[in-house]
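Spelled out, the chains give:
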Amino acid sequence: MNALLAIVWTEVRRSKLLAFACTWMIITVLMAAFPFAIAPYSPNKIFPGNAGTPPSLQFPFGTDHIGRDVLSQIIWGFSTSLLIALGALLVELLIALPVGLLSGYFGGRVDQLLMRITDAILAMPTIVLLIVAVTLLRVESLVSIILVMGLINWTWLAKTIRAESLRVREEDYAVAAKSMGFGDLYVIVRHILPNIVSTIIVISTFDMAWFILYEATISFIGLGNPTIPSWGRLLYIGRGFLGTQPWISVFPGVFICLTVLSFNVLGDSLSDFLTVKR
Amino acid sequence: MERGIATPTAETLLEVRNLKVYYDLSGRIVKAVDGVSLDIRKGEVVGLIGESGCGKSTLGRAILKLLPPYAKTVSGDILFESESLIEKDENEMRKVRGGRISMIFQNPTSSLNPALTVGEQISEVIRLHQQLHRKSDVRAKVVDIVRKVGIWDAQDRLHNYPYEFSVGMRQRVMIAMAVSANPKLVIADEPTSSLDVSVQARILDLLHKLREELRFSVLLITHNIGLAADMCDRIAIMYAGKLVECGGRHEILTKPRHRYTFALLKAVPLLHKETDALYIVKGNPPDLTDPPSGCRFHPRCDYAKGICRNSEPTLTEVERDHLVACFDPVE
């Protein structure tokens, strides 16, 4: 663990971009974890008479068209976004891991069957599928959004895990393990998984960025839950006031950009230093 | 049916009978092992020698049923302690692998899992085959076996990852894993080919020592005649999927009867003999999708006659325990 921290520290000092990404991640994750302590106001509190105030000392990022503090909404909104992204990632992993590992390791008919199903889902345009699913389900709860995003997005991860398993399966140590009498399950769990876990972590990081964007997209087109603060909801509100009250959408926009960028930078760096040494 | 190296006796440990293993590469059939019979007695080291691609590794893997899915064991049988391995299912084979027959691979840099420590990998093999429940018992056994293969600072090295070991040390670890459950037979597939010469010698010494202590038999698969001359009691020469000659080490090395064996031995450079050019066996090994008719060596043989092209020689005993498949053996 100490060794890992040492590596991270060296990497962070080498790259300014990574240093920024890490700092930004720490700040936003803290925001998401303790919004009640950090946010100046409750996200849905309306300040009568302060509708559409530009940024000021009292409201650092201004207020929206009905007088709610934008900064508080951004802070609480990220709580929602992160929760949704993590939930969707969990759903995605629960599907992609077994599908990818079984497909890649056993090959043959199992592979054929699983990959054709994957291809079928992959063939559908994600965002359209997402909109249709959210509309059809009509449940504006977070759980349905989490499930829908996870169920739609697992295909690429499954394909990658399959390709990696296929590679590791042919490695000498996997064959050697079989020659020592180990069963398939053992080989998958102890030999395949540890050697592809870095790839899974890297892709998960990129997928977190996607989930945040997807959630924002759904809320932006008005399919989100209007009572739960989220970054997409702020963009949705701000859309109508872009000319007169740009702060409503510009600040959350900047937050989305920087957060997605940070996830991607982090994913890139992780892929560099998580590679297993030979 | 062709006869094996010798008539099976009570001491026979492994008996391969007329084994045929073919690869199906999307319609192209590669006859990698085409009717090989071979037996290994208890406590004996048998060398299986041949050029790359002659099917010797395929034979080794076929014994443990570790062939890729596109390989098919077409016919023949493999008897190990009088039990047919061919008839065993995957579950039964798992008990044989590592427990009664184990394998040492060519490349120690890639045969150890880079993501697990060496200690973890050895202890998992030990836990698989031995009824040790206490953690301390497993650890004691791990340290014991690692010392046995000559890693003296065992205790300090177990938490290291494979990349922290030298290639020779990694091969020692592989050997430790292979012999940890006291197998009866160790299949060593080019165990020293990727090591440098001085390390090779030490690994061979180790195998020798362990064999005397644990009394297992060895099937040594190699292309290196010098290595086989050092270690083996008997030697089998394989060419293009078939055995062409087998017999005691002394007979094979000093009185080779098959033209191919003769040419192979002539091609070994000797330190004390000054030569202008190395002798090489002319031509290339045949394509196993379409092997030559008759004796498979005839296109490369200086003594080929009509009969060599038209009919296939069978292994016949020319002396006690010395079999040759040649119509015109060396006198």
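Residues numbered from 1 in each chain as written. Chains lettered and ligands numbered in written order. Predicted model: local features only at pLDDT ≥ 70, side-chain atom pairs only at ≥ 80, totals over all residues.

**Q** Looking at this model, I keep getting lost on the overall build of chain B. Mind explaining?
**A** Scanning chain B from N- to C-terminus turns up 12 helices and 12 strands. On C-alpha atoms alone, chain B measures out to a radius of gyration of 21 Å, which is about the 20 Å that the 2.2 N^0.38 rule sets for 331 residues. Overall, chain B is about 70 × 50 × 40 Å in size when its C-alpha atoms are taken along their principal axes. When the 331 residues of chain B are sorted by exposure, 44% land in the buried category. The long-range fraction of contacts in chain B, counting pairs at least 24 apart against all pairs at least 6 apart in sequence, stands at 66%. (Helix = DSSP H or I, 4+ residues; strand = E, 2+ residues; numbered from the N terminus. Rg over C-alpha atoms; globule rule 2.2 N^0.38 Å. Buried ≥ 20, exposed ≤ 12 C-beta atoms within 10 Å, placed from the backbone. Contact = placed C-beta atoms within 7 Å.)

**Q** Honestly, unusual backbone geometry in this entry has me stumped. Any pointers?
**A** Across residues other than glycine, the phi torsion is negative in most instances, and most of the peptide bonds are trans. Residues and elements named next belong to chain B. For N18, which is not a glycine, the phi torsion comes out positive at approximately 45 degrees. Examined against the element boundaries, N18 turns out to sit in strand β1 (residues 12–25). Even without being a glycine, D321 presents a positive backbone phi close to 65 degrees. Mapped onto the elements of the fold, D321 is located in the loop between β11 (316–319) and β12 (322–324).

**Q** Where do I start with the interface of chain A and chain B in this structure?
**A** Many structure descriptions define interface size as the accessible area lost when the parts assemble. Contacts between the two partners involve 20 residues from chain A and, on the opposite side, 26 residues from chain B. Going through the elements one at a time, α8 (172–179) and α9 (184–220) of chain A are the ones with two or more residues in the side of chain A that touches chain B. Per-element tally for the side of chain A that touches chain B: the top contributor is α8(A), with 6 residues. Residue classes in the side of chain A that touches chain B are distributed as 7 nonpolar, 7 polar and 6 charged. (Nonpolar A, V, L, I, M, F, W, Y, C, P; charged D, E, K, R; others polar.)

**Q** Explain helix α4 (residues 118–129) of chain B to me, please; I cannot follow it from the model alone.
**A** Along an α-helix, residues three or four apart share an orientation, since each turn contains 3.6 residues. Residue and element names in this part refer to chain B. Here α4 contains 12 residues, and its C-alpha end-to-end distance of 17 Å stays within 8% of the 16 Å for a straight helix at 1.5 Å per residue. Those residues of α4 lying buried are V118, G119, Q121, I122, S123, V125, I126 and L128. On its buried face, α4 sits against α5 (135–148), α6 (154–157) and α7 (167–179). (Expected span 1.5 Å × (residues − 1).)

**Q** What exactly am I supposed to notice about the nonpolar core here?
**A** Side chains that are nonpolar tend, in soluble globular proteins, to be buried together. Formed by 161 residues in total, the largest nonpolar core has its most connected members in A:I74, B:I122, B:L219, B:L220 and B:I237. Per element, the largest residue contribution to this core is 17 residues, and it comes from helix α4 (residues 70–106) of chain A. Both domains that furnish three or more residues to this core are identified here as domain 1 (1–100 + 186–196 + 217–331) and domain 2 (107–182) of chain B. Those residues in contact with B:I122 that lie beyond four places of it in its chain are B:V142, B:I145, B:V146, B:V173, B:A176, B:M177 and B:S180. (Core = buried A, V, L, I, M, F, W, Y, C linked by C-beta atoms within 7 Å. Domains from an automatic or database assignment.)

**Q** So what exactly am I meant to see when it comes to α8(A) here?
**A** Within α8(A), 7 of the 8 residues are buried, leaving the element largely enclosed by the surrounding structure. The inward-facing, buried residues of α8(A) abut α7 (142–169) and α9 of chain A together with β6 (101–104) and α3 (108–111) of chain B.

**Q** Please clarify how the domain arrangement of chain B should be interpreted in this entry.
**A** Residues and elements named next belong to chain B. Entries for chain B in the domain assignment read domain 1 (1–100 + 186–196 + 217–331) and domain 2 (107–182). Distance from the C-alpha centre of domain 1 to the C-alpha centre of domain 2: 31 Å. At the interface, 6 residues of domain 1 touch 10 residues of domain 2. Partitioned by chemical class, the residues of the side of domain 1 that touches domain 2 number 3 nonpolar, 3 polar and no charged.

**Q** Just checking my understanding: could you explain the sheet that holds strand β9 (residues 234–239) of chain B for this structure?
**A** Where strands meet in a sheet, backbone hydrogen bonds hold them as pairs that are either parallel or antiparallel. Residues and elements named next belong to chain B. Taken in spatial order, the 8 strands of this open sheet run β6-β7-β8-β3-β9-β10-β12-β11, and their pairing is mixed. With one partner strand each, in any of the chains shown, β6 and β11 form the two edges of the open sheet. Pairwise comparison of adjacent strand axes, ignoring direction, gives a mean angle of 25 degrees for this sheet. Here β9 pairs with strand β10 (residues 242–248) via 6 bridges, running antiparallel. Bridging from a neighbouring strand, I235 pairs with G247 of β10. Together, β6 and β7 (185–189) form the strand contacts of α7, whose direction differs from that of β6 by roughly 175 degrees. (Pairing = 2+ DSSP bridges. Axes fitted to C-alpha atoms, helices over the stretch in contact; angles between N-to-C directions.)

**Q** Please clarify how the pairing of β10(B) should be interpreted in this entry.
**A** Looking along a regular strand, one sees side chains alternate from face to face of the sheet. Residues and elements named next belong to chain B. Of all 7 residues that make up β10, 6 are buried, and the element is covered over most of its length. Hairpin connection, β9 to β10: the antiparallel pair is bridged by 2 residues, and A240 has positive phi, about 50 degrees. Where β10 and β12 come together, 2 bridges link them in antiparallel fashion. Bridging from a neighbouring strand, C246 pairs with L323 of β12.

**Q** Would you mind going over the packing of α4(A) against α7(A) with me for this structure?
**A** Helices that pack against each other are described as a pair by the angle of their axes relative to one another and the distance between those axes. Residues and elements named next belong to chain A. It is the contact of α4 with α7, at a shortest axis distance of 5 Å, that shows an interaxial angle of 35 degrees. Here the hand of the crossing between α4 and α7 comes out right-handed. Looking at the contact of α4 with α7 residue by residue, the classes come out as 22 nonpolar, 7 polar and 4 charged. (Left-handed = near helix turned anticlockwise from the far one by under 90°.)

**Q** Is there a simple way to think about the sheet that holds strand β4 (residues 71–80) of chain B in this case?
**A** All names here are of chain B. With antiparallel pairing, 4 strands are arranged side by side in an open sheet as β2-β1-β4-β5. Each edge of the sheet is formed by a strand with only one pairing partner; in this case those strands are β2 (28–41) and β5 (83–84). When β1 meets β4, the two strands line up antiparallel, connected through 8 bridges. Looking at the pairing, R17 lines up with D77 of β4. Against the sheet, helix α1 (residues 56–63) contacts β1, β2 and β4, and its axis sits at roughly 65 degrees relative to β2.

**Q** Help me understand the pairing of β7(B), please; the structure alone is not making it clear to me.
**A** All names here are of chain B. Most of β7 sits out of view: 5 of its 5 residues are buried. Burial of β7 is two-sided: the residues L185, I187 and D189 facing one way and the residues V186 and A188 facing the other way are all buried. Examined bridge by bridge, β7 and strand β8 (residues 217–222) share 5 bridges and lie parallel to one another. Bridge assignment links V186 to a residue of β8, and that residue is V218. Assessed by its sense of winding, the connection that carries the chain from β7 through helix α8 (residues 197–214) to β8 is right-handed. (Right-handed = clockwise from strand over helix to strand, strands pointing away.)

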